[in-house]
Amino acid sequence: MITGEQKPIDEIREMIAPYKRILALGCGSCVAECASGGEKETAMLASLLRMAAKIKGEDVIIEEQTIDRQCVKEFVIQLDETIGRYDAVLSLGCGAGVQAVSAMFPEIPVIPALNTEFLGETKDQGIWVESCLGCGDCMLYHFGGICPLARCSKQILNGPCGGSIDGKCEVNPDIECAWQLIIDRLSKFGNLDRIENIYPPKDWSKKQGGGPRKIVREDQQK
Amino acid sequence: MKNISRLKDVLERGEFAVTGECGPPKGADPEIILEKAELLRGNVDALNVTDNQTAIVRMSSMVACGLLKTAGLDPVLQMVVRDRNRIALQSDILGASALGIRNVLCLSGDHQIFGNQPEALGVFDLDSIQFVQTVKTMRDEGTILGGDVLNKPPEVFIGAAANPFADPMDFRVIRLAKKIKAGADFIQTQCIYNLERFESWMAMARERGLTEKTFILGGVTPIKSAGMAKYMKNKVPGMDVPDEIIKRMEGVPKDKQREEGIRICVETIQRLKEIPGVKGVHIMAIEWEEAVGEIAERAGLLPRPVFNGK
Ligand code: SF4
Ligand code: SF4
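Residues numbered from 1 in each chain as written. Chains lettered and ligands numbered in written order. Predicted model: local features only at pLDDT ≥ 70, side-chain atom pairs only at ≥ 80, totals over all residues. Heavy atoms only, no water.

Caption draft 1: Region of the structure containing the overall build of chain A. Of the regular secondary structure elements, chain A holds eight helices and nine strands. The C-alpha atoms of chain A give 22 Å as radius of gyration, which overshoots the globular expectation for 222 residues (17 Å, by more than 25%). Along the three orthogonal principal directions, the C-alpha set of chain A runs to about 65 × 45 × 25 Å. Here chain A holds 222 residues, and the buried ones make up 39% of them. Excluding contacts between residues fewer than 6 apart, the proportion of contacts in chain A whose partners are at least 24 apart in sequence is 58%. Surface summary for chain A: the accessible area is close to 12,500 Å², and the carbon and sulfur share equals 51%. The averaged location of the 32 negative side-chain charges in chain A is 2 Å from the averaged location of its 25 positive side-chain charges. (Helix = DSSP H or I, 4+ residues; strand = E, 2+ residues; numbered from the N terminus. Rg over C-alpha atoms; globule rule 2.2 N^0.38 Å. Buried < 20%, exposed > 50% of the residue type's maximum accessible area, 1.4 Å probe, protein only. Contact = heavy atoms within 4.5 Å. Areas by Shrake-Rupley, 256 points an atom, 1.4 Å probe, with all protein chains shown as cover. Lys, Arg positive; Asp, Glu negative; His and termini not counted. Charge placed at Lys NZ, Arg CZ, Asp CG, Glu CD.)

Caption draft 2: Examining the site of ligand 1 more closely. Taken together, the residues surrounding ligand 1 are A:S131, A:C132, A:L133, A:G134, A:C135, A:C138, A:M139, A:L140 and A:C147. A per-class count over the shell around ligand 1 returns seven nonpolar, two polar and no charged. (Near = heavy atom within 4 Å. Nonpolar A, V, L, I, M, F, W, Y, C, P; charged D, E, K, R; others polar.)

Caption draft 3: Here's a closer look at the packing of helix α8 (residues 226-235) of chain B against helix α9 (residues 243-250) of chain B. Residue and element names in this part refer to chain B. Direction vectors running N to C along α8 and α9 enclose 160°, while the axes themselves pass 8 Å from each other. Classed by the angle they form, the pair α8 and α9 counts as roughly antiparallel. Pair α8 / α9 crosses with left-handed handedness. Every residue of α9 that contacts α8 at A226, A229, K230 and K233 is listed here: D243, I246, M249 and E250. Its residues assigned to classes, the contact of α8 with α9 comprises four nonpolar, no polar and four charged. (Axes fitted to C-alpha atoms, helices over the stretch in contact; angles between N-to-C directions. Parallel < 35°, antiparallel > 145°, perpendicular 65-115°, else oblique. Left-handed = near helix turned anticlockwise from the far one by under 90°.)

Caption draft 4: Highlighting the sheet that holds strand β3 (residues 75-80) of chain B. All names here are of chain B. The eight strands lie next to each other as β1-β2-β3-β4-β5-β6-β7-β8, forming a closed barrel whose pairing is parallel. Between one strand axis and the next, the sheet turns through 30° on average, direction left out of account. Two elements, strand β2 (residues 46-49) and β3, share three bridges in a ladder whose sense is parallel. Note that in β3 the partner of V49 across the bridge is L77. (Pairing = 2+ DSSP bridges.)

Caption draft 5: Representation of the packing of α9(B) against helix α10 (residues 257-274) of chain B within the structure. Residues and elements named next belong to chain B. Two numbers describe how α9 lies on α10: the axes approach to 9 Å, and their chain directions differ by 145°. Within the contact between the two elements, α9 uses I245, R248, M249 and E250 and α10 uses Q257, E260, G261, R263, I264 and E267. Broken down by class, the residue content of the contact of α9 with α10 amounts to three nonpolar, two polar and five charged.

Caption draft 6: Local environment of the packing of aromatic side chains. Summed over the entire model, instances satisfying the criterion amount to five aromatic pairs over all chains. Considering the side-chain rings of A:F143 and A:Y199, the 4.9 Å spacing of their centres and the 50° angle between planes classify their relative orientation as tilted. Here A:Y199 lies in the loop between α7 (178-188) and α8 (205-208) and A:F143 lies in the loop between β7 (127-132) and α6 (148-151), a separation of 56 residues in the sequence. Side by side, A:F143 and A:Y199 carry an identical accessibility label, which is buried. Where B:F157 meets B:F186, the ring centres are 5.1 Å apart and the plane angle is 25°; that geometry is what we call stacked. In this pair, B:F157 sits in strand β5 (residues 157-162) while B:F186 sits in strand β6 (residues 186-191), placing the two residues 29 residues apart along the sequence. Look at B:F186 and you get buried, because its relative accessible area is 0%. Grouping aromatic residues by their ring pairs yields a cluster made of A:F143, A:W179 and A:Y199. Positioned above the aromatic ring of A:Y141, the side-chain terminus of A:R194 is 4.0 Å from the ring centre. (Phe/Tyr/Trp six-rings, centres within 6.5 Å; stacked < 30°, edge-to-face > 60°. Lys NZ or Arg CZ within 6 Å of the ring centre and 35° of its normal.)

Caption draft 7: Spotlight on the interface of chain B and chain A. Facing 30 residues of chain B, the contacting portion of chain A comprises 27 residues. In total, about 2,400 Å² of surface goes out of reach between chain B and chain A, with carbon and sulfur atoms giving 54% of it. Note that A:E196 is salt-bridged to B:R208, the shortest N-O span being 3.6 Å. Counting every contact that joins chain B to chain A gives 17 residue pairs in polar contact (both at pLDDT 80 or more). Elements represented by at least two residues in the side of chain B that touches chain A include exactly α5 (128-140) and α6 (169-182) of chain B. No other element matches the seven residues that α6(B) contributes to the side of chain B that touches chain A. In terms of residue class, the side of chain B that touches chain A is made up of 14 nonpolar, seven polar and nine charged. (Buried area = accessible area lost by both parts, 1.4 Å probe. Salt bridge = Lys/Arg side-chain N within 4 Å of Asp/Glu carboxyl O. Polar contact = N/O pair within 3.5 Å; in protein donor to acceptor, adjacent residues only side chain to side chain.)

Caption draft 8: Geometry of the sheet that holds strand β3 (residues 61-67) of chain A. Residues and elements named next belong to chain A. The strand order across the open sheet built from four strands is β3-β2-β4-β5, with neighbouring strands paired in parallel fashion. The sheet terminates laterally at β3 and β5 (110-112), the two strands that pair on one side only. On average, each strand axis in the sheet is tilted by 25° relative to the strand beside it, whichever way the strands run. The pairing of strand β4 (residues 88-91) with β5 spans three bridges and is classified as parallel. Paired with V89 across the two strands is V110, which belongs to β5. Where helix α3 (residues 39-55) meets the sheet, it contacts β2 (21-27), β3 and β4, and its direction lies at approximately 175° from that of β3. Helix-sheet contacts for helix α5 (residues 95-104) involve β2, β4 and β5, and the interaxial angle to β5 is about 175°.

Caption draft 9: The confidence of the model for chain B, seen in detail. On average, chain B scores 96 in pLDDT, and the residues at 70 or more come to 98%. Reported for the predicted complex are a pTM of 0.96 and an ipTM of 0.94. (pLDDT = per-residue confidence, 0-100.)

Caption draft 10: Highlighting the site of ligand 2. Around ligand 2, the structure places A:C152, A:S153, A:K154, A:P160, A:C161, A:G163, A:S164, A:C169, A:E170, A:C177, A:A178 and A:W179. Within the shell around ligand 2, the residues separate by chemical class into seven nonpolar, three polar and two charged.

Caption draft 11: Spatial organisation of the domain arrangement of chain A. Taken domain by domain, chain A comprises domain 1 (2-118) and domain 2 (133-206). The gap between the C-alpha centroids of domain 1 of chain A and domain 2 of chain A is 37 Å. (Domains from an automatic or database assignment.)

Caption draft 12: Region of the structure containing the nonpolar core. By size, the foremost hydrophobic cluster in this structure holds 71 residues, and its most contacted members are B:F131, B:L176, B:F198, B:I269, B:L272 and B:V281. When near neighbours in sequence (up to four residues on either side) are disregarded, B:F131 contacts B:M79, B:V81, B:L89, B:I93, B:C106 and B:L126. A:M139, A:C152, A:W179 and A:L181 belong to the second largest nonpolar core, which has 23 residues in total. (Core = buried A, V, L, I, M, F, W, Y, C linked by side-chain atoms within 4.5 Å.)

Caption draft 13: Fine view of the side chain of B:T268. All names here are of chain B. With respect to the secondary-structure elements, T268 resides in helix α10. Since its relative accessible area comes to 7%, T268 is described here as buried. From its side chain, T268 meets the backbone oxygen of I264 in a polar contact 2.7 Å long. With near-sequence residues (within four places) excluded, T268 lies in contact with I192, L195 and V220.

What follows is the structure in structure tokens.
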């Protein structure tokens, strides 16, 4: 999933200050899973903003709505009927959601309420960790299913560096050393030989070679 | 005048090599690095110049090496992959060779979070092993990554670092083997205080025949005080300072601790000389360069052999 966290309330208030009728727009997918932009969080943020406005005596209307996915046209279109009532959208979607909504409704400003962070997993209740960089050429097979790009602090493909101590990363003892995990996993399955050879430099053109990436699937087009 | 690496010359002649280290200044004054280097002249065969060490902005390592070269010293250009992508790294290797710099040490570098630019983007386009391999291919095949041919290959003696004290222990020697396979002509190790662990790492390296394929220089750093020993033990990633060392430092009065630090360092070098496969010593006395001469003298490393290269 794509994870995110809500921006500080003061920053949000500053960004929405010029507007009088605001739609706080939640997203029911990734950001709901990471408890930052789902229905519940959207309701909470909207009421917090209403309260703050009331205390300051500001005359604004803040309403809320949550759609299933902000990053998919078919869902965004549901806003067609209501959006005319507002002069700004405060989106609790990820960065892609914010941009998809503004692409669909170019006449209205869409303001981000979240800081979008990483592709990750829910590790435990209230804990999310980064696990993929979206590099465009997955190498997990070679590294025992542990991503050295997302999980090694120095993105080393021939690790571990000299700072790996007791399975922890030199950058922060709270971080598990990805390379300790890689070695443990590979030895468990008797595949340590996969990292005896030098892994060549990463082909980053798969990630940023041609500018912003695009997937075109003719078989999926109507 | 043939422009070759003095370090390479000494090692290939089978002499026990000595390298030192100095850090470029936090400013644009060329005199500072030249003064530090003068303290090392005659006491070492070559001297490493650190590359924005601990991710703190300093004068460019390459420029500092150029200054030392002009002063008639043999610099070892340290290059970290933290700050440059493969275009800049390869370009700088060519530039270094053009300046007459004949040794390069390819490193990962300390993470940017530890320095004075924690908001910097860490590049890490190549890792240190891929970097070693890239430089070797440039030198030996005359080609860069992707295969384009150079009109003149760089002439550099290629070094890499090794930390025998990091984990996982068994994998440390595999990684050393990878660095050698990538093309490391010489290896400088992390500071050695735990001689037992170092000896068992060396034994594993010998078993794999690695000591025949590269020149290993053991790293040492004189400790100034008991406080410094504790700091290194607890705060410096990948550093192994056994309790005996700390006790020894604490066991002498404060004004005698520097002398004790030098004594430990000299004893370590004497033991390193006895370990089969150790071909030299790398004395890292950052901000204590004046200690290097005394250490080298007391460890029986002086005078340094006369250079045949010019
Ligand atoms: S190798 Fe690439 S695609 Fe695979 S997990 Fe890592 S970043 Fe993601
Ligand atoms: S300690 Fe491990 S995770 Fe951290 S930078 Fe080194 S190899 Fe990567």
